[in-house]
Amino acid sequence: RGVFNCKFESISNCDSQVLYLAPLGQMGWEQVVQERSSVRETGIPHAVALTLPALFDNYGVMKVPHLNYCRKDLNRGRTLLTPQFVSAKFVQLRER
């Protein structure tokens, strides 16, 4: 059994009021596929993709590092900083 161990850079100056890390889930998957249908061809089984760590904000999925996904409209036309995944690695529970 294992977990994702995620690390982030500073998230100061982000314009979102709510930021949280959660599994991508079906609704998140649908949002990502709607914006970038090529993620279906990553070779990651659908059931596994739904469990990938994703960063969410008020508007839905912001980033999914394992799918190399970053929402298109994220900070468009703005100079604000956004959260950055430094790493998102799957580790055994005893390695945490």
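Note: the structure precedes this text.
Here is a short report on the structure shown in this document. Note that the coordinates shown come from a computational prediction; the quantities given were computed from them, not determined experimentally.

With 13 residues, the main nonpolar core has L24, W29, V32, V61, V64 and L67 as its most contacted residues. Contributing elements (two or more residues each) for this core: α1 (25–35), β3 (53–57) and β4 (60–64). A per-element tally of this core places α1 first, with three residues. Setting aside anything within four residues of it in sequence, one finds V32 in contact with L24, V39, V61, V64, L67 and Y69.

Moving on, we get to the sheet that holds strand β5 (residues 69–70). Pairing is antiparallel across the open sheet formed by four strands, whose spatial order is β2-β3-β4-β5. The sheet terminates laterally at β2 (20–23) and β5, the two strands that pair on one side only. Here β4 runs beside β5; their pairing, made up of two bridges, is antiparallel. Pairing of V64 across the sheet is with Y69, part of β5. Packing against the sheet, α1 makes contact with β2, β4 and β5, and its axis sits at approximately 75 degrees to β4.

Conventions adopted
- Residues numbered from 1 in each chain as written.
- Predicted model: local features only at pLDDT ≥ 70, side-chain atom pairs only at ≥ 80, totals over all residues.
- Heavy atoms only, no water.
- Core = buried A, V, L, I, M, F, W, Y, C linked by side-chain atoms within 4.5 Å.
- Buried < 20%, exposed > 50% of the residue type's maximum accessible area, 1.4 Å probe, protein only.
- Helix = DSSP H or I, 4+ residues; strand = E, 2+ residues; numbered from the N terminus.
- Contact = heavy atoms within 4.5 Å.
- Pairing = 2+ DSSP bridges.
- Axes fitted to C-alpha atoms, helices over the stretch in contact; angles between N-to-C directions.

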